[in-house]
Amino acid sequence: MARLAGRRLLFAAPVLLVVTFGVFAVAAASPFDPVRAYAGTAALGADAETLDRLRENLGVDRPFVTRWWDWLTSALGGDFGQSSVMRQPVAQVIGERLVWSTLLCTVAFLVAVLAGTALGVLAARRPGSFVDRTVTSLAYSLEAAPVFWVALLAVWLFALQLDVLPAGGLTDTASEQVTAGQVASHIVLPAGVLAISQLPWFALYVRQGVGDALAEDPVRGARARGLSERTVLLGHALRSGLLPVLTLVGSRVPELITGALLVETVFSWPGIAAATVEAATAVDFPLLAALTTLATAAVLLGNLLADVLYGLFDPRVKFSDM
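Residues numbered from 1 in each chain as written. Predicted model: local features only at pLDDT ≥ 70, side-chain atom pairs only at ≥ 80, totals over all residues. Heavy atoms only, no water.

### Section: the overall build of the protein chain
Right, on to step 1. From N to C terminus, the protein chain includes 15 helices and 2 strands.
Right, on to step 2. Each of the 322 residues in the protein chain was classed as buried or not, and the buried ones make up 38%.
Right, on to step 3. Taking as baseline every contact in the protein chain between residues at least 6 positions apart, the subset at least 24 positions apart corresponds to 72%.
Right, on to step 4. Summed over all atoms, the accessible surface of the protein chain reaches about 17400 Å², with 66% contributed by carbon and sulfur. (Helix = DSSP H or I, 4+ residues; strand = E, 2+ residues; numbered from the N terminus. Buried < 20%, exposed > 50% of the residue type's maximum accessible area, 1.4 Å probe, protein only. Contact = heavy atoms within 4.5 Å. Areas by Shrake-Rupley, 256 points an atom, 1.4 Å probe, with all protein chains shown as cover.)

### Brief notes about the packing of helix H5 (residues 90–125) against helix H13 (residues 253–267)
Right, on to step 1. Between H5 and H13, whose axes approach to 11 Å, the crossing angle comes to 115°. Relative to H13, the crossing made by H5 is right-handed. For the pair formed by H5 and H13, the contact residues are Ser101, Leu104, Cys105 and Phe109 on the first element and Leu256, Ala260, Val263 and Glu264 on the second.
Right, on to step 2. Residue classes in the contact of H5 with H13 are distributed as 6 nonpolar, 1 polar and 1 charged. (Axes fitted to C-alpha atoms, helices over the stretch in contact; angles between N-to-C directions. Left-handed = near helix turned anticlockwise from the far one by under 90°. Nonpolar A, V, L, I, M, F, W, Y, C, P; charged D, E, K, R; others polar.)

### Examining the pattern of salt bridges
Right, on to step 1. Enumeration over the complete set of coordinates arrives at 2 salt bridges.
Right, on to step 2. Taking the shortest distance from any N to any O, the salt bridge between glutamate 96 and arginine 97 comes out at 3.5 Å.
Right, on to step 3. Among the residues examined, glutamate 96 registers a relative accessible area of 38% and is labelled partly exposed.
Right, on to step 4. Note on arginine 97: relative accessible area 17%, which makes it buried. (Salt bridge = Lys/Arg side-chain N within 4 Å of Asp/Glu carboxyl O.)

### Examining unusual backbone geometry
Right, on to step 1. Phi at aspartate 163 is positive, roughly 55°, even though this residue is not glycine.
Right, on to step 2. Within the fold, aspartate 163 resides in the loop between helix H7 (147–161) and helix H8 (180–186).

### Overview of the nonpolar core
If you look at soluble globular proteins, the nonpolar side chains tend to sit buried side by side.
Right, on to step 1. Core analysis: the largest hydrophobic core is formed by 37 residues, its most contacted members being Leu104, Val193, Leu194, Val210, Val263 and Phe267.
Right, on to step 2. When contributions to this core are tallied by element, the ones reaching two or more residues are H5, H7, helix H9 (188–214), helix H11 (229–241), helix H12 (243–251) and H13.
Right, on to step 3. A total of 10 residues in this core trace back to one element, the largest contributor, which is H9.
Right, on to step 4. Not counting residues up to four positions away in its chain, the partners in contact with phenylalanine 267 are Ala151, Val155, Ala167, Gly168, Gly169, Leu189, Pro190 and Val193. (Core = buried A, V, L, I, M, F, W, Y, C linked by side-chain atoms within 4.5 Å.)

### Topic: the layout of surface pockets
Right, on to step 1. Counted as a void, the largest pocket has a volume near 700 Å³.
Right, on to step 2. As for the largest pocket, its lining consists of 26 residues, and the residues nearest its centre are Cys105, Val253, Leu256, Ile257 and Ala298.
Right, on to step 3. Listed by contribution, the elements that provide at least two residues to the lining of the largest pocket are H5, H13 and helix H15 (285–313).
Right, on to step 4. Take the lining of the largest pocket: its biggest share by element is 10 residues, from H15.
Right, on to step 5. Here the residues of the lining of the largest pocket sort into 19 nonpolar, 6 polar and 1 charged. (1 Å grid on protein atoms, 1.4 Å probe; cavity = no way out; pocket = protein on both sides within 12 Å on 5 of 7 lines; lining within 4 Å. Points joined across faces, edges and corners; volume = space filled by probe spheres on them.)

Shown next, in the form of structure tokens:
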């Protein structure tokens, strides 16, 4: 396992280099002017000399290759630069928001895996039954539904019509401090919507995997030995049926990150979504590069996690062959 992790880390280094270089190249070709975005309304009355001086102070008048190299060498030393749009160090911007995005994604992912597994097992128990058709139809419908549309529908139903859950934010409007109870109530809608966007994949994969396992000879032999249907389903079919799901864990990370950005925006969740949008529109080179590097690293770690889980739970797979 250590050799696998080492090989993946060696592979990750050039990938991150290419990604960060691409961010600076795309940002340099963007029609947005970072100087006007930084100055805001003050840029409307400023003369060209003032804007040029501000452009020089921000360092955006240099070639993007030079800016990228300066940012990269500083980032390797732990300094990710200063965010021009947030007026804060990039590390501080990410540190203040990453914990809430991580909490949202973790809760949503756990709910999606557990609920998707349960629904997949129920559907695979009796193929073609009413439960199977209902779960499959619901999964395909949710799979096609845009996550922002589901989020807006959830706000309309649970916050506006039923008034049982807050519509957004991290705490109540009049609250001066963050409490665990308020966070727990405010995370229900965004985490639930994000989980719904991931749940269909797990439900369908588990249904297919458990359904195939129930038709295999070892499971038929377990039934012939007189074992209960519950033992056969949970102790034999589910164990082998979950193996394909392990590969799904890593592949869903990019979709989870994209969905989290949309969900955070709709529910005003104080994660990295707002920072990402502002950095993109203001062409904030250091913050854009850091956020993109973080997202890329999360995808690479997700793929590594999927391979490690597959190697641990499938005796037919050896880490030396991966």
